[in-house]
Amino acid sequence: MQITPAGLLQLWETGSEQTLIEKTLLLLAKTSPAETPGTLAMLSIGERDEMLLTLREYLFGTKLLNTAACPYCSNMVEWEINSSDLHLQPVPSFPVNNYFGFVKNDVEIKYRLPNSNDLLKVTQSADAYLLNPEKLLTDCIVDVRYNNKALGAEALDKDLLRELDLQISKDDPQADIGMLLNCPACLNKWEAKFDIVTYLWTEIDIWATHLLHEVYLLASSFGWSEKDILNMSEQRRKLYVKLIQA
Ligand SMILES: [Zn+2]
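Nothing here was measured: the structure is a model prediction, and the numbers come from that model.

A.B. asks: When you look at the coordination of the zinc ion in this model, what are you seeing that I'm missing?
C.D. replies: All of the protein donors around the zinc ion are C70 (SG), C73 (SG), C183 (SG) and C186 (SG); their distances to the metal are 2.3 Å. Taken in chain order, the donor set of the zinc ion reads C-x2-C-x109-C-x2-C. Look at C183 and you get buried, because its relative accessible area is 1%. Residue classification places C186 among the partly exposed positions, given a relative accessible area of 27%.

So this is what it looks like as structure tokens:
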């Protein structure tokens, strides 16, 4: 992976106008320049999140820090974790296998894992998915057979859909990361969700704002161009900024 500060800054600027799912696709394109946007959008959510976690380690290291509100007393609890403990599935190798099979009571279901295209559809037609909470799941069903006779996904009952949903969580564990937290104020324990998409984009946003502030300081003090400042090593840039502020 080779990502320059100028390249990441350009991505941040392009992504600022986009939804979080689209921003994420831009980040994936940085990690895998040889793959087409269409291929990257078809990565399962777990595969996508595994790639984002690896990208985060490349950009900012393995120490993750955040806060979460205790659901019982609303106290803000700080947590810290090493991201190496959060890899629940391997980085995908291309081309990825998109199809899986599930058999129960002579019903054979061929399905795929939810991907970024599915999430984009959910945001674009939110009402349809609110009216039919199982739609995201049934969208992923490719084929249903009972004793080798083809059926539609609508023939599946709720219990079977629930089992398929559980199976998908097992196939794609990285898509749902939970962390056990303890509240020191009320001793409540709970599982907080960790969403790498929001986490990483927030970090990139803070990084970009900070970097542009440094560019502003150095350009206005020394008259250097933005391009030259961005091409400098971080160590040099920080030292020059320190000299101005001394
Ligand atoms: Zn609490």
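A.B. asks: Before we go on, may I ask you to explain the side chain of R48 in this structure?
C.D. replies: For R48, the position within the fold is in helix α4 (residues 45-60). Not counting chain neighbours up to four residues away, the residues in contact with R48 comprise T24, L28, L43, S116, L119 and V197.

A.B. asks: Whenever I open this one, the packing of helix α2 (residues 20-31) against α4 confuses me. Can you help?
C.D. replies: Two packed helices can be described by the angle between their axes and the distance between those axes. Where α2 contacts α4, the axes come no closer than 10 Å and their chain directions differ by 65°. By the angle class used here, α2 and α4 are roughly perpendicular. The way α2 lies across α4 gives a crossing that is left-handed. Counted together, T24, L27, L28 and T31 of α2 and R48, M51, L52 and L55 of α4 form the full contact between these two elements. Per-class residue counts for the contact of α2 with α4 are 5 nonpolar, 2 polar and 1 charged.

About the cut-offs
- In this convention, every chain numbers its residues from 1, walking through the sequence in written order.
- Two thresholds apply to this predicted model, a pLDDT of at least 70 for residue-level local features and 80 or more for giving and counting side-chain atom pairs, whereas whole-chain, interface and lining totals are computed over all residues.
- Derived side-chain values reflect all non-hydrogen atoms in the structure, with water molecules and hydrogen atoms excluded from consideration.
- Only nitrogen, oxygen and sulfur atoms qualify as donors, provided they sit within 2.8 Å of the metal or within 3.2 Å for Na, K and Ca; with water excluded from the atoms, sites may seem incomplete.
- Partly exposed residues are those whose accessible area sits between 20% and 50% of the maximum for their type, while under 20% is buried and over 50% is exposed, using a 1.4 Å probe and protein chains only.
- Secondary structure is summarised from DSSP: a helix means a run of H or I of at least four residues, a strand means a run of E of at least two, and numbering begins at the N terminus for each.
- Working rule for contacts: check all heavy atoms of both residues, and any pair within 4.5 Å makes them a contact.
- Whenever a helix is involved, its axis is fitted only over the stretch in contact; in every case the axis is a line through C-alpha atoms, and angles between N-to-C directions fall within 0 to 180 degrees.
- Should an angle lie under 35 degrees it is considered roughly parallel, over 145 roughly antiparallel, and from 65 to 115 roughly perpendicular; all remaining angles are considered oblique.
- Two helices that cross are described as forming a left-handed crossing if the nearer one is turned anticlockwise from the farther one by less than a right angle, and a right-handed crossing if clockwise.
- Under the convention adopted here, Pro, Cys and the residues Ala, Val, Leu, Ile, Met, Phe, Trp and Tyr are nonpolar, Asp, Glu, Lys and Arg are charged, and Gly plus all remaining residues are polar.

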